[in-house]
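Each chain is listed here by its residues.
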Amino acid sequence: MITIVEATTKKLLKDFVTFPFSLYKNHSYWIPPLINDELETFDKSKNPVFDNAEAYFYLAYRDNKIVGRLAAIINWEEVNILKKNKVRFGWWDVIDDVEVTKALLEKVYELGQKNNLEMIEGPVGFSNLDKVGIIVEGYDRPGNMITWYNYPYYKDHLEQLGFVKEKEFFESVFSFADVKEETFAKAAELIKTRYQLKTITFKNTNEILPYVDRMFELFNTTYARLASFVPISKRQQEYFKKKYIPFVNPEYIAFIEDKNGKVIAFSIVMPDFSEALQKAKGKLFPFGFYHLLKAKKHSKAVLFYLIGIEEEYQNKGVTALIFKHYYHVFKAKGIQHCNRTPELEENNAIHNLWKNFNSVVDRRRRTYSKSL
């Protein structure tokens, strides 16, 4: 017998968050989240995503033991603005038993049918800034703080239950040793002069904050052409600003302004916190904060998290200015490895940025869908 219980209490929500810690215990490639950070994400009084979304968190039990979890989500902006009659599922983890997955997904079907929705897609989060997809190729390296890791059988479960590929994402790596400054340095100076552009860099977090709102405005504009994009609200912007900006080294954020002071491009790179999060084991105290702070200062690997360029400038080589900035920062910090976080298969504008970096696609992840 499989019993499905909705996590409606603090204890059950904590069980929901901590179940993967037992499922992936001692797994060398799984990266644990911070428990309190996850709990805050699911707190409807704190996370502004719930202004326009609803979510239900389910635990699967067998013999009084948790054997799976899943969140059923409706993003009402996606339904009402994009006219995508879709119910989502995310934060899905399960033992290797397709019957457990089937029982959990029944709750998502019920939510979708109750609201006259037409299809189901997952794993996805609440919005475009959440984690997305399951790994379908490339299980043999660690994940990171902004992606989910999963066992190979996750894909099999969904396909056995009639789900089909909805979206594919690529993750890539390249060695900083292979990056040659001459491939973009001269172009950077030409483009800077031709279009009268200015690179804005930072020495501390307080200097960054006045630019973050403009970054989100550009983010909403530049990513709007992607079929699945839902704009980030003002309240969400404030939430993400407080939640993520402190994790980023100030020198890892760059903006490009035009002659009128308008932000026309931005880039955010993050230190690789994977090893630090494994050592923290889900907790900031007593030693987790130390491991994260150490990684922020000394990690020799980075993640290219977000790049946004105004459409007018997308084919004008503006990224040369961004790469020139990062080249000198990474060289000074002794960076060795660079990771490209999930990029939508159809986002050719992003893929083209990396043509001179000898990057290798080493992981693919996918969301799956099914008609209701």
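This text goes with the structure placed above it.
Residues numbered from 1 in each chain as written. Predicted model: local features only at pLDDT ≥ 70, side-chain atom pairs only at ≥ 80, totals over all residues. Heavy atoms only, no water.

Asks: Lay out helix α6 (residues 185-194) with the relevant residues and their values.
Replies: Taken as a whole, α6 has its buried residues at Ala185, Ala188 and Ile191. Projected down its long axis, α6 shows its buried positions confined to an angular sector of 125 degrees, all on one face. The exposed set on the far side of α6, more than 90 degrees from its buried face, consists of Lys186, Thr193 and Arg194. Structurally, α6 contributes buried residues whose contacts are with α11 (319-333). Gln196 occupies a position one or two residues after α6 and carries a positive phi of about 55 degrees. (Buried < 20%, exposed > 50% of the residue type's maximum accessible area, 1.4 Å probe, protein only. Helix = DSSP H or I, 4+ residues; strand = E, 2+ residues; numbered from the N terminus. Arc of directions from axis to C-beta. Contact = heavy atoms within 4.5 Å.)

Asks: Lay out the packing of aromatic side chains in plain terms, naming residues and giving numbers.
Replies: A complete count under the given rule lists 42 aromatic pairs for this structure. Look at Phe89 and Phe163: their rings are 6.1 Å apart centre to centre, the planes differ by 75 degrees, and that puts the pair in the edge-to-face class. Here Phe89, found in strand β4 (residues 86-94), pairs with Phe163, found in the loop between α5 (153-160) and β7 (164-175); they are 74 residues apart in sequence, far enough to count as distant. By relative accessible area, Phe163 is classed as buried at 3%. Each ring, one from Trp92 and one from Tyr154, has its centre 4.7 Å from the other, and the planes form 50 degrees; the classification is tilted. Pair noted here: Trp92 is in strand β4 and Tyr154 is in helix α5, with a separation of 62 residues, a long-range link. Assessed through its relative accessible area of 4%, Trp92 is described here as buried. (Phe/Tyr/Trp six-rings, centres within 6.5 Å; stacked < 30°, edge-to-face > 60°.)

Asks: Describe the layout of surface pockets, and please don't skip the residues or the numbers.
Replies: Vacant regions in the atomic arrangement are exposed by a probe of water-molecule size rolled over the atoms. Taken as a whole, the largest pocket spans an internal volume of roughly 540 Å³. Lining the largest pocket are 28 residues, and of these Gln314, Thr319, Ala349, Asn352 and Leu353 sit closest to its centre. Mapped by element, the contributors of at least two residues to the lining of the largest pocket are α6, β11 (301-309), α11 and α12 (348-351). For the lining of the largest pocket, a count of residues per class yields 14 nonpolar, ten polar and four charged. (1 Å grid on protein atoms, 1.4 Å probe; cavity = no way out; pocket = protein on both sides within 12 Å on 5 of 7 lines; lining within 4 Å. Points joined across faces, edges and corners; volume = space filled by probe spheres on them. Nonpolar A, V, L, I, M, F, W, Y, C, P; charged D, E, K, R; others polar.)

Asks: I'd like a rundown of unusual backbone geometry, residues and numbers included.
Replies: A cis amide bond, omega -5 degrees, links Gly122 with the succeeding residue Pro123. With respect to the secondary-structure elements, Pro123 resides in the loop between β5 (119-122) and β6 (134-137). Geometrically, the link from Phe285 to Pro286 is a cis peptide bond, its omega value of 5 degrees lying close to zero. By secondary structure assignment, the location of Pro286 is in the loop between α9 (274-280) and α10 (288-298). Its identity is not glycine, yet Asp63 carries a phi of approximately 55 degrees, on the positive side. If you check the backbone angles, Lys281 has positive phi at about 55 degrees while not being a glycine. Along the chain, Lys281 falls in the loop between α9 and α10.

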